[in-house]
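Residue-level listing of the chains:
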Amino acid sequence: MLSTLTSKSRFPTFGLGTYWHSRSASERVMMSGIALLLFSSVLFGVLYLYSNFLAPLSGTQVFLWRIVAMWTALVLVLMVSGRLGEHVAIVRGLRTWRAWALLLLPTPIFLSQFWLFMWAPVNGQSIQTAMGYFLLPLTMVLSGCVVFKERLSLLQWLAVGLAVLGVSAEIWRTHSVSWATLWVCSTYPIYFVVRRVQGISAVTGLLFDLTVALPFILAYLWWIDSSSLAIVGGSGLTILLLAGLGVISVLAMKTNIDASQLLPLNMYGMLSYVEPAILFVLAVTVLGNPLETAMLYSYGLIWLGIVCLLVHGARQLRRPRDTEKTLPA
């Protein structure tokens, strides 16, 4: 028995824990960012369908209740963890008008994007909104190059080129660009860039955005949209669904913004293609939006770009370990 155990001990086991600890600190940061971004993409896919679960509430009504549910869920989590005061202190510590302006600037963008995300699936704009999210990584890459002077590798340039071709083909095919498409891809980069420049964490920024919006939304629900109060108050299932909406929304936003702060902006932007791919599939399979054969060519080019990016990411993860192996003893 002892000899058997000794024999077995000569062959070390290899699992996820072993692989994780064998990576360098920079590799672990990158892998954490990638995992967070993929997880948030799945959660956003769930949220994209959520308006359909809350009928007869409209997309705008779901957006309003989502803000209320998110604020409640986030505050409860921070209170239980004892970290609410920490985030409040960060905001109170801002002393200059410039710091407050930078903090307030992304809030309207945050609210408008959340409204569009809830409104589009129940108003026939699913494909157009997904198109905006396909364009978003391109504008994020451009933001990284211009604002943070990030450089792209050959594979990343190839991925961008394929994505540009795919998006251009789709615009040429439809002969127009939806306002929903333009709003998503042109304003979201401002949100992420400003948050990164100021150094505001995902949770602090999210808490601030929700707190600023909450009084206006509650006033609107009480005085203007009292019909949704009756719908929600008269259904225990709707209340439970709204609670779930708040929890999933907080988790999706936190993991997504955390990923944006862990990854280089160009890598974060390109990996963000995973989310619109999920939204596109859901729009066609679940929401019933028509899929034209011509779409497959343009979207196929974009997905080829995603493959190039994944290959680039795999090389980035292997390179440090390969370099260490080639160093002389």
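Look above for the structure.
Small disclaimer: the values here were computed from a predicted structure and weren't measured.

Undergrad: Provide a residue-level description of the overall build of the protein chain, including the pertinent values.
TA: Looking only at helices and strands, the protein chain has 17 helices and 0 strands in total. When burial is assessed residue by residue, the protein chain has 49% of its 329 residues classed as buried. Taking the intrachain contacts of the protein chain between residues at least 6 apart in sequence as the baseline, contacts between residues at least 24 apart amount to 87%. As displayed, the protein chain offers around 16600 Å² of accessible surface, 71% of which is attributable to carbon and sulfur atoms.

Undergrad: Explain the environment of Leu296 residue by residue, including any values.
TA: Checked against the element boundaries, Leu296 lands in helix H17 (residues 293-326). Looking at Leu296, the relative accessible area reads 46%, which means it is partly exposed. Linking Leu296 and Glu170, residues 126 residues apart in sequence, is a C-alpha distance of 9.6 Å.

Undergrad: Tell me what's going on with the packing of aromatic side chains, and back it up with residues and numbers.
TA: If you walk through the whole model with that rule in mind, you get 14 aromatic pairs. Centre to centre, the rings of Phe44 and Phe117 are 5.9 Å apart; their planes meet at 70 degrees, and the pair counts as edge-to-face. Residue Phe44 is found in helix H3 (residues 25-48), and its partner Phe117 is found in helix H8 (residues 106-119); the two are separated by 73 residues along the sequence. By relative accessible area, which is 7% here, Phe44 ends up buried. For Phe117, a relative accessible area of 3% puts it in the buried group. Between Phe117 and Tyr133, the ring centres sit 6.2 Å apart and the planes meet at 90 degrees, which makes this aromatic pair edge-to-face. In this pair, Phe117 sits in helix H8 while Tyr133 sits in helix H9 (residues 126-147), placing the two residues 16 residues apart along the sequence. The ring of Phe114 carries Arg66 above its face, with NZ or CZ at 4.0 Å from the centroid.

Undergrad: Please provide a residue-by-residue account of the packing of H3 against helix H14 (residues 236-262), values included.
TA: For any two helices packed against each other, the geometry is given by the interaxial angle and the distance between the axes. Contact geometry for H3 and H14: axes closest at 8 Å, N-to-C directions at 150 degrees. Seen along the crossing, H3 lies across H14 with a hand that is left-handed. Counted together, Val29, Ser32, Gly33, Leu36, Leu37, Phe39, Ser40, Leu43, Phe44, Val46 and Leu47 of H3 and Leu245, Ile248, Ser249, Leu251, Ala252, Met253, Thr255, Asn256, Asp258, Ala259 and Leu262 of H14 form the full contact between these two elements. Its residues assigned to classes, the contact of H3 with H14 comprises 15 nonpolar, 6 polar and 1 charged.

Undergrad: Give a detailed account of the pattern of salt bridges, specifying residues and quantitative values.
TA: Side chains carrying opposite charge are able to pair once their charged atoms draw close together. A complete count under the given rule lists 3 salt bridges for this structure. Between Arg83 and Glu86 there is a salt bridge whose closest N-O contact spans 3.0 Å. Residue class for Arg83 comes out partly exposed when judged on its relative accessible area of 41%.

Undergrad: Quick rundown of a nonpolar patch on the surface? Include the residues and the values.
TA: A contiguous nonpolar surface patch, about 350 Å² in accessible area, is contributed by Leu142, Val146, Val147 and Val197. Top element by residues in the nonpolar patch is H9. It accounts for 3 residues. Within the element layout of this structure, Val147 appears in helix H9.

Undergrad: Which residues make up the side chain of Thr181, and what are the values?
TA: Relative to the helices and strands, Thr181 is located in helix H11 (residues 179-198). Residue Thr181 is classed as buried on the basis of its relative accessible area, which comes to 3%. Side-chain polar atoms of Thr181 contact the backbone oxygen of Gln128, separated by 2.7 Å. Those residues in contact with Thr181, other than ones at most four positions away along the chain, are Gln128, Met131, Gly132 and Leu135.

Cut-offs used in this document
Residues numbered from 1 in each chain as written. Predicted model: local features only at pLDDT ≥ 70, side-chain atom pairs only at ≥ 80, totals over all residues. Heavy atoms only, no water. Helix = DSSP H or I, 4+ residues; strand = E, 2+ residues; numbered from the N terminus. Buried < 20%, exposed > 50% of the residue type's maximum accessible area, 1.4 Å probe, protein only. Contact = heavy atoms within 4.5 Å. Areas by Shrake-Rupley, 256 points an atom, 1.4 Å probe, with all protein chains shown as cover. Phe/Tyr/Trp six-rings, centres within 6.5 Å; stacked < 30°, edge-to-face > 60°. Lys NZ or Arg CZ within 6 Å of the ring centre and 35° of its normal. Axes fitted to C-alpha atoms, helices over the stretch in contact; angles between N-to-C directions. Left-handed = near helix turned anticlockwise from the far one by under 90°. Nonpolar A, V, L, I, M, F, W, Y, C, P; charged D, E, K, R; others polar. Salt bridge = Lys/Arg side-chain N within 4 Å of Asp/Glu carboxyl O. Patch = residues over 30% accessible without salt bridge, like charges linked within 9 Å, V, L, I, M, F, W, Y side chains within 5 Å. Polar contact = N/O pair within 3.5 Å; in protein donor to acceptor, adjacent residues only side chain to side chain.

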